[in-house]
Amino acid sequence: MQAIETTDVLVIGAGLAGERCAIEAAGAGLGVKLLSVVPPRRSHSCAAQGGMQAALGNCVKAEGDGPTLHFLDTVRGSDWGADQEVAQIFAEEAPVAVRELAHWGVPWTRVRPGKNTYFVKGEPVEIEEKDENAGLIMHRNFGGTAKWRACYAAAGTGHAVLYAVDGEVVRLGIDVQDRAEAVALIHESGRCWGAVVRCLRTGRMSAVLARATVIATGGHGRIYGTYTTNATINEGTGAAIALRAGVPLGNMEAVQFHPTGLWPSGILVTEGCRGDGGHLLNRRLERFLVDLEPEKQELASRDVVSRHMMQQIKDGQGVDSAVGEHLWLDLRHLGERHLRTKLLEVTEICRDFAGLDPARDLIPVRPTQHYSMGGIRVNKDGEAYGMRGLFAVGEASCWDMHGFNRLGGNSLAETIVAGRVVGQRVADFAHANGLDVEVGLAQECVQDEERRVQGWLARPGCTDSIYAIRDAMAETLAGKVGVFRSGPELESAVDEIRQQIVRLDRVGLRGSPGGMNPELTFALRLEGMLRLALVTALGALERTESRGAHCRTDHPRRDDQSWLNRTLARWPEGAPAPELHYEPVGLIDLPPGDRGYGQSDRRELAEPLESYNASVVEGQRKQGALPTVEPVGSRLDWGAWRHAEPGPTPDRSE
């Protein structure tokens, strides 16, 4: 007899998105169980450095800011791939979420009145901050934004926020089970009833049944192996088990590369460095972005900056090293005091992982896989397509406010905003629905997973290994599904990953003990990782345009006429390969246009917006979108953007 637990709400993943969602449900009087493969304060959310976007408008460079401008920046940053209603909800809720975090104890960096020296476009500028703003939450500049908007706690924002949110989890007495991994969803006839859970300490399987289940496992950057800023736990388990259960994944080809991964380790060097005035230099120590992006310079969107950097390397302007070419990030002009206060974590990372002092040394950087815009496709309530009772939040989801490029600081804000918004829907759902499920279903699902484990343990050993397959997958993705993509390379990537899936079926484990078995644990994950890799490469191959982070050298134009849609990848049970379908991106308020940075060549939408919008609800319903509590489009502030274009920001400089 397998162990079976019950709860009102099961949250899989205890990073910021999962914990914030759990807090909302617990605050509504529900029993909540949190699962995490690591102790919550070791979640990858802790690694976020630079800031959290919220239009508070507290400093001089943020004057005139508001949710509508934040909405505009987010949609343009997404290259019109975002759901504009979700972007509107996010922009409106972010200021509330940030102020709530202050109440919970996040030590936000605050406005200091009087004269302050900032670096704007590489030059020092003295600005007089207003006395009446003294002590309000301060902002720094981030890429792709019209105003300074990123709220920050030095360069340790994620660390500060995660500890504050986890403190609320502890205060509320939420049941947290760490060293536990959900390996399959328990579902029947389009209804999710919880998950099969494997204890990483003992290897034992159990079932957790719940009225509502939330996946908040973060991104899946580790399918790129070491070519990522992601933590080693970011292996896509949440997306993989949803895909196995028949839930579609959205826009998996939309993969963000962060411009400044510390080379060669790939550890993130925050965008806050460039927001505070850092420069990118080529081998000749030239600031190449001054000419390539004269308006935004180093603070164009991440997809644009990454492409310019890789083009510099392709053009022979990279810096040679024993581990490959890179470029330089120069922070020396910011001064040691600034680096040891507002960018202390960056200083420590450079010291500990590269033996450098950024106050005196140039930092070697190169674009590195960083974020997955794609994930479990959900409606605006956070409920998964085609699966009642299953919700997803944070990077594991495709909510979809990021489209084909995420602006820096929007993801950290999304974890809290989506946690609040979706958490409310989860609580409402759990209150309205009982736990009317047969125990036999849970037992059957647990037995299926136990048979899967025994199948691995029974395989004969061989010279090949799961780790060699993992490395081959990573090399394929990094080399052929990277910043620049082309049809022949993507075709090759698809073929190679398919071969790696076949290869996995033939490999055995080097050891076969039960209990805590890291090799077995990774073998179970690798099956899902290869599937995620294949839907990523296949989606990129089929999308014959360039949009945001998806850059096809053989199809360089954005094609709104043919590709103003979202890719949905499904993997039918027993099928050898995934199926791709497409749906409208969502209701469009801000018409597709020029982003204001990067290339502007595009094929325009041929049909009128009214016609496009008229097909959205039915088009998404056909692909599995479940009904929402509020009608689709009810949160859009139609046409407000027409009166919110940013004017010049006063600098109050002397």
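Visitor: Explain the overall build of the protein chain to me, please; I cannot follow it from the model alone.
Guide: Looking only at helices and strands, the protein chain has 18 helices and 23 strands in total. Over its C-alpha atoms the protein chain spans a radius of gyration of 24 Å, differing by no more than 12% from the 26 Å that the globule rule assigns to 654 residues. Oriented by its inertia axes, the alpha-carbon framework of the protein chain measures out at about 75 × 55 × 50 Å. Taken across its 654 residues, the protein chain has 63% of its residues classed as buried. In the protein chain, the proportion of contacts linking residues at least 24 apart, taken out of those at least 6 apart, comes to 74%. Put simply, the protein chain shows about 23,200 Å² of open surface, and 49% of that area lies on carbon and sulfur atoms.

Visitor: Looking at this structure, how should I read the nonpolar core?
Guide: Nonpolar side chains tend to gather and get buried jointly when the protein is soluble and globular. Val9, Ile215, Ile376 and Trp399 are the most contacted members of the largest nonpolar core, which has 164 residues in total. For this core, the element with the highest residue contribution is helix 15 (residues 518-542), accounting for 15 residues. Once you skip the residues sitting within four places of it in the chain, Ile376 turns out to touch Ile215, Gly238, Ala239, Ala242, Val247, Pro248, Leu249, Ala384, Ala392, Ala396, Ser397 and Cys398. With 17 residues, the next largest nonpolar core counts Trp80, Leu564, Val585 and Val616 among its residues.

Visitor: How should a negative patch on the surface be read in this particular structure?
Guide: Among the surface-exposed residues, Glu126, Glu128, Asp131 and Glu132 lie close enough to one another that they form a single negatively charged patch. Residue placement: Asp131 occurs in the loop between strand 5 (123-129) and strand 6 (139-140). Under the relative-accessibility criterion, Asp131 is labelled exposed at 60%.

Visitor: What exactly am I supposed to notice about unusual backbone geometry here?
Guide: Residues apart from glycine generally show negative phi values, whereas peptide bonds are mostly found in trans. A cis amide bond links Trp263 with the next residue in sequence, Pro264, at an omega value of 5°. Mapping Pro264 onto the fold places it in the loop between strand 13 (255-262) and helix 6 (272-275). Phi at Asp79 is positive, roughly 55°, even though this residue is not glycine. Turning to its location among the elements, Asp79 is positioned in the loop between helix 2 (67-77) and helix 3 (84-103).

Visitor: Explanation requested: the sheet that holds strand 15 (residues 327-330) in the structure shown.
Guide: Paired through their backbone hydrogen bonds, the strands of a sheet run either parallel or antiparallel. Taken together, the 4 strands give an open sheet; going across it, the order is 13-16-15-14, and neighbouring strands pair in antiparallel fashion. Taken across any chain shown, the strands that pair with only one partner, and hence form the sheet edges, are strand 13 and strand 14 (279-281). Ignoring strand direction, the axes of neighbouring strands in this sheet form an average angle of 45°. As paired elements, strand 15 and strand 16 (residues 363-372) share 3 bridges and run antiparallel to each other. Bridge pairing in strand 16 links Trp328 to Pro364.

Visitor: When you look at the sheet that holds strand 3 (residues 52-53) in this model, what are you seeing that I'm missing?
Guide: Taken in spatial order, the 3 strands line up as 3-7-6 in an open sheet, and their pairing is antiparallel. Strands with a single pairing partner mark the edges of an open sheet, and in this sheet they are strand 3 and strand 6. By the bridge criterion, 2 bridges tie strand 6 to strand 7 (residues 150-151) in an arrangement that is antiparallel. Bridge pairing links His139 to Cys151 in strand 7.

Visitor: How should I be thinking about the packing of helix 2 against helix 3 in this particular structure?
Guide: Their axes nearest at 8 Å, the elements helix 2 and helix 3 cross at an angle of 140°. With respect to helix 3, the element helix 2 is oriented oblique. Once helix 2 is placed against helix 3, the crossing between them reads as right-handed. Between helix 2 and helix 3, the residues in contact are Pro67, His70, Phe71, Thr74 and Val75 and Gln84, Ala87, Gln88, Phe90, Ala91 and Glu92, respectively.

Visitor: Explain the packing of aromatic side chains to me, please; I cannot follow it from the model alone.
Guide: One pass over the full model with this rule turns up 5 aromatic pairs. Taking 5.2 Å as the distance between ring centres and 80° as the angle between the ring planes, the aromatic pair formed by Tyr118 and Trp148 counts as edge-to-face. Residue Tyr118 is located in strand 4 (residues 114-120), and its partner Trp148 is located in the loop between strand 6 and strand 7; the two are separated by 30 residues in the primary sequence. Exposure remark for Tyr118: the relative accessible area of 9% places this residue in the buried category. Judged by its relative accessible area of 8%, Trp148 is buried. The residue whose ring lies beneath Arg459 is Trp456, and the NZ or CZ to ring-centre distance is 3.9 Å. Lying over the aromatic face of Phe522, Arg470 brings its terminal NZ or CZ to 5.6 Å of the ring centre.

Visitor: Would you mind showing me how to read the pairing of strand 2 (residues 32-36) here?
Guide: Both faces of the sheet carry side chains from a regular strand, because those side chains alternate between them. Taking burial as the measure, the 5 residues of strand 2 include 5 buried ones, the bulk of the element. Neither face of strand 2 is exposed, since Val32, Leu34 and Ser36 on one face and Lys33 and Leu35 on the opposite face are all buried. Alignment of strand 1 (residues 3-12) against strand 2, held across 4 bridges, turns out to be parallel. The residue bridging Val11 from the neighbouring strand is Leu34, located in strand 2. The parallel pair strand 1 and strand 2 is bridged by helix 1 (residues 16-27), and the resulting crossover is right-handed. Pairing of strand 2 with strand 8 (residues 175-178) involves 4 bridges; the strand directions are parallel. By the bridge assignment, Leu35 is partnered in strand 8 with Gln177.

Visitor: Just checking my understanding: could you explain the side chain of Asn230 for this structure?
Guide: Take Asn230: it is sitting in the loop between strand 11 (205-215) and helix 5 (237-244). Judged by relative accessible area, Asn230 falls into the buried class, the value being 2%. Every residue in contact with Asn230, bar those within four places of it in the chain, is listed here: His44, Gly219, His220, Gly221, Arg222, Gln369 and His370.

Visitor: I would appreciate a short explanation of the packing of helix 12 (residues 439-458) against helix 15 in the present structure.
Guide: When two helices pack together, their arrangement is captured by the angle between the axes and the distance separating the axes. In contact at an axis separation of 11 Å, helix 12 and helix 15 are set at 115° when each is read in the N-to-C sense. If you check the angle between helix 12 and helix 15, you find them roughly perpendicular. The interaxial crossing formed by helix 12 with helix 15 has right-handed handedness. Here Arg452, Val453, Trp456 and Leu457 of helix 12 lie close against helix 15, whose contacting residues are Leu520, Ala523, Leu524 and Glu527. Residues that form the contact of helix 12 with helix 15 fall into these classes: 6 nonpolar, no polar and 2 charged.

Calculation notes
Residues numbered from 1 in each chain as written. Predicted model: local features only at pLDDT ≥ 70, side-chain atom pairs only at ≥ 80, totals over all residues. Heavy atoms only, no water. Helix = DSSP H or I, 4+ residues; strand = E, 2+ residues; numbered from the N terminus. Rg over C-alpha atoms; globule rule 2.2 N^0.38 Å. Buried < 20%, exposed > 50% of the residue type's maximum accessible area, 1.4 Å probe, protein only. Contact = heavy atoms within 4.5 Å. Areas by Shrake-Rupley, 256 points an atom, 1.4 Å probe, with all protein chains shown as cover. Core = buried A, V, L, I, M, F, W, Y, C linked by side-chain atoms within 4.5 Å. Patch = residues over 30% accessible without salt bridge, like charges linked within 9 Å, V, L, I, M, F, W, Y side chains within 5 Å. Salt bridge = Lys/Arg side-chain N within 4 Å of Asp/Glu carboxyl O. Lys, Arg positive; Asp, Glu negative; His and termini not counted. Charge placed at Lys NZ, Arg CZ, Asp CG, Glu CD. Pairing = 2+ DSSP bridges. Axes fitted to C-alpha atoms, helices over the stretch in contact; angles between N-to-C directions. Parallel < 35°, antiparallel > 145°, perpendicular 65-115°, else oblique. Left-handed = near helix turned anticlockwise from the far one by under 90°. Phe/Tyr/Trp six-rings, centres within 6.5 Å; stacked < 30°, edge-to-face > 60°. Lys NZ or Arg CZ within 6 Å of the ring centre and 35° of its normal. Right-handed = clockwise from strand over helix to strand, strands pointing away. Nonpolar A, V, L, I, M, F, W, Y, C, P; charged D, E, K, R; others polar.

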